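# Reading the structure
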Amino acid sequence: MRHVVAALLILTLAWPSGAIAQEVVTLEGSFRQGGLVTGRTQPGATLELDGKPVRVAADGAFLFGFGRDAKPKATLKVRLPDGHEELHTLEVTQRDYRVQRIDGLPPKKVTPPPEAMERIGQERKKKAEAFRADLPESWFRSGWIWPAEGRISGVYGSQRILNGEPRRPHYGVDVAGPEGTPVVAPADGRVVLAMPQMYFEGNAIFLDHGHGLKSVYMHLSELDVTEGQIVRRGERIGAIGATGRVTGAHLHWALYWFRLPLDPALLVPERPGSRG
Ligand SMILES: [Zn+2]
């Protein structure tokens, strides 16, 4: 059975008798835990999701996401340039997540030795900087494709038990493929990080798609882009590899709205097992 993952929601404001209803906000995307929603409102409108401001582009485009454990309802507040305010309740479909056990990882990659902590700390700072960026460009509107061919070997949200120890959930989708399989940009964006040999991530690339939306590619065998470069959807950025904390060659593809991990598999056509 195919899951229904995309929905289109048009919220209109009914003007007093006789006038034509005017569109306040259009929402499109996945209204479920891990889902990304994109939309349009009137230029100059302001938006808040559960009290948190949402960037609105000059042409009215915006995006927001729901986290792994998002509550069943979210509130979207719209304030139009004329001062009119509306509250909309959004229903967020709840998901069940798998438990994934991975054994045979090198022990130092599960619990890093003290001498690795400084390097991990520096890498964490660079990542935090990348996540904070809030660019006005709306590159995410190019649409999305899978970044690589291959079998799905891990899904978003699974509870992970590494060498028998419970760890944070798996925030990404894993695409297994032979080393050297091309990895392409799934949407337009700018390369914000292209780092060789990170402790956990291996050779890794972070793309910024605007409005706080970032996508991440880990364990690559090679980096074919440099920081600051603009990439277009479908353009090659690297290749599948086995660098960093891995048991075999695969791409770990992750998606974040600022620091909130979203499920990238909800943006692209379903593959066997890709939606958990
Ligand atoms: Zn992964």
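Right above here is the structure, for reference.
First, a word on what this report is: a plain description of the structure on this page.

### Structural notes on the sheet that holds strand β9 (residues 99–102)
Across the sheet, three strands lie side by side as β9-β11-β12; this open sheet has mixed pairing. The sheet is open, and its two borders are formed by β9 and β12 (165–167), each paired with just one other strand. Taken pair by pair, the neighbouring strands of this sheet meet at an average axis angle of 30 degrees, ignoring direction.

### Examining the coordination of the zinc ion
Coordination sphere of the zinc ion, protein contribution only: His-170 (NE2), Asp-174 (OD), Asp-174 (OD) and His-252 (ND1), at 2.0 to 2.8 Å. Bound by four donor atoms, the zinc ion shows angles of 52 to 150 degrees at the metal and therefore irregular coordination geometry. The motif formed by the donor residues of the zinc ion, counted along the single chain, is H-x3-D-x77-H. With a gap of 82 residues between them, His-170 in the loop between β12 and β13 (173–176) and His-252 in strand β21 (residues 250–257) connect regions that are remote in the sequence.

### A short note on the sheet that holds strand β18 (residues 222–223)
What the three strands build is an open sheet, ordered β14-β20-β18; its pairing is antiparallel. The open sheet has two edge strands, β14 (182–184) and β18, and neither has a second partner. The pairing of β14 with strand β20 (residues 236–239) spans three bridges and is classified as antiparallel. Of the residues in β20, the one forming a bridge with Val-183 is Gly-238.

### Brief notes about the environment of Leu-162
Mapped onto the elements of the fold, Leu-162 is located in strand β11 (residues 159–162). Residue class for Leu-162 comes out buried when judged on its relative accessible area of 1%. Taking the C-alpha atoms as reference points, Leu-162 and Val-110, 52 residues apart in sequence, are found 6.8 Å from one another. Once residues lying within four places of it in the same chain are set aside, the contact partners of Leu-162 are Ile-102, Leu-105, Val-110, Arg-167 and Arg-245.

What counts, and at which threshold
- Residues numbered from 1 in each chain as written.
- Predicted model: local features only at pLDDT ≥ 70, side-chain atom pairs only at ≥ 80, totals over all residues.
- Heavy atoms only, no water.
- Pairing = 2+ DSSP bridges.
- Helix = DSSP H or I, 4+ residues; strand = E, 2+ residues; numbered from the N terminus.
- Axes fitted to C-alpha atoms, helices over the stretch in contact; angles between N-to-C directions.
- Donors = N, O, S within 2.8 Å, 3.2 Å for Na, K, Ca; no water.
- Tetrahedral: all angles 85-135°; square planar, octahedral: opposite > 155°, others 65-115°.
- Buried < 20%, exposed > 50% of the residue type's maximum accessible area, 1.4 Å probe, protein only.
- Contact = heavy atoms within 4.5 Å.

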